[in-house]
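Observations on the model geometry
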Amino acid sequence: MLFILWGKILNYKETIMKLIIRKIYESEFYFTENLTRETFWNLYKSGCEEHLVLHNLRKSKSYIKELDLIAIHNFLIVGHIISTRALIKNKFGKEHEVLCVGPISVSPALQNKGIGTILIDYSISKARKMGFKGMILFGNSGYYHRFGFKNAKEFKIATKDNQNFEPFMALELIENGLKNVKGLFYDDEAFVINEEQLLEFEKQFPIKEKSKPIFDLRQYT
Ligand SMILES: CC(C)(COP(=O)(O)OP(=O)(O)OC[C@H]1O[C@@H](n2cnc3c(N)ncnc32)[C@H](O)[C@@H]1OP(=O)(O)O)[C@@H](O)C(=O)NCCC(=O)NCCS
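Residues numbered from 1 in each chain as written. Predicted model: local features only at pLDDT ≥ 70, side-chain atom pairs only at ≥ 80, totals over all residues.

**So, the confidence of the model for the chain**
In the predicted model, the chain carries a mean pLDDT of 92, and the fraction of residues at 70 or more is 90%. Counting contacts from residues 1-9, a segment whose pLDDT is below 50, to residues more than four positions away or on other chains yields 16 contacts. (pLDDT = per-residue confidence, 0-100. Contact = placed C-beta atoms within 7 Å.)

**Structural notes on the pairing of strand E4 (residues 76-89)**
Note that strand E3 (residues 68-73) and E4 share six bridges and pair antiparallel. Across the sheet, residue Ala71 finds its bridge partner in E4, namely Gly79. Counted between consecutive antiparallel strands, the loop separating E3 from E4 contains two residues, among which Asn74 sits at a positive phi close to 50°. The pairing of E4 with strand E5 (residues 95-106) spans 10 bridges and is classified as antiparallel. Looking at the pairing, His80 lines up with Ser105 of E5. Here E4 folds back onto E5, and the loop between the two strands holds five residues, one of which, Gly93, carries a positive phi near 90°. (Pairing = 2+ DSSP bridges. Helix = DSSP H or I, 4+ residues; strand = E, 2+ residues; numbered from the N terminus.)

**A look at the site of the ligand**
Neighbouring the ligand are 17 residues; Gln111, Gly116, Thr117, Gly139 and Asn140 lie closest to it. Of all the elements in the fold, those that place two or more residues in the shell around the ligand are helix H1 (29-40), E5, helix H3 (115-129) and helix H4 (141-144). At four residues, E5 tops the list of elements feeding residues into the shell around the ligand. Among the residues making up the shell around the ligand, the classes are represented as five nonpolar, 11 polar and one charged. (Near = placed C-beta within 6 Å. Nonpolar A, V, L, I, M, F, W, Y, C, P; charged D, E, K, R; others polar.)

**Digging into unusual backbone geometry**
Cis peptide bonds are those with omega within 30 degrees of zero, and the linkage from Gly102 to Pro103 qualifies with 5°. Positionally, Pro103 belongs in strand E5. One non-glycine residue, Asn42, lies in the positive phi region at around 60°. Tracing the chain through its elements places Asn42 in the loop between H1 and helix H2 (50-57). Residue classification places Asn42 among the partly exposed positions, given that 16 C-beta atoms sit within 10 Å. A positive phi angle, close to 60°, is found at Asn176, a residue other than glycine. Locating Asn176 in the fold gives a position in the loop between strand E9 (168-172) and strand E10 (183-186). (Buried ≥ 20, exposed ≤ 12 C-beta atoms within 10 Å, placed from the backbone.)

Written out as structure tokens, the structure is:
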């Protein structure tokens, strides 16, 4: 059995929540893809694509099963996080392996109760134990700074289009882990979504109404 009991207890409005964090089983892939869809729906675009990104990451060469993790509360999957292999390439063609974090999802009904924090802390410590030097993610800096993520610019790491912006962040997993890892960041091709594939993939899920996204991503770039 691969169960790991994360010894942290959440206090929320006098309720005590116990969470189990563990590696996912293949039989739980669909459930977490649907959770991701529920979580991201109409958030950053009309509908969402993160569930297909997750699906494709699981079939990619960047996939690391030890870093495909779920949070369970009361026998139900309430959160999910994945980290996959990515590369930083410098101008001389030298490559360094790092992790790309995300998508991360917490069941909308259970957000802001500390589940995301426990998942992220757990992933960071697991990745560190596995010997990875650094993690990269795209997200809201107001949230990820608390885990030690900094603007990737501070490490002289830019996106593959040579861009830097506040949501593009990096974390050193060991001291000076990203010190000599300068260059452009290449995540897996699974992050590029084909709209036709998305339409086809959507057929597996319950019908949901699309609306205007809640967040406008253009304000962050
Ligand atoms: C982002 C997410 C994973 C955080 O998990 P969570 O369990 O809700 O968060 P936690 O309870 O650990 O942390 C709560 C804190 O994070 C803040 N927070 C939560 N989501 C945030 C977001 N998207 N941006 C900025 N801050 C956020 C809350 O305001 C709260 O702040 P406080 O501690 O100062 O009160 C979760 O809200 C989620 O699934 N959101 C939708 C999908 C998403 O945006 N995923 C991440 C994309 S990179």
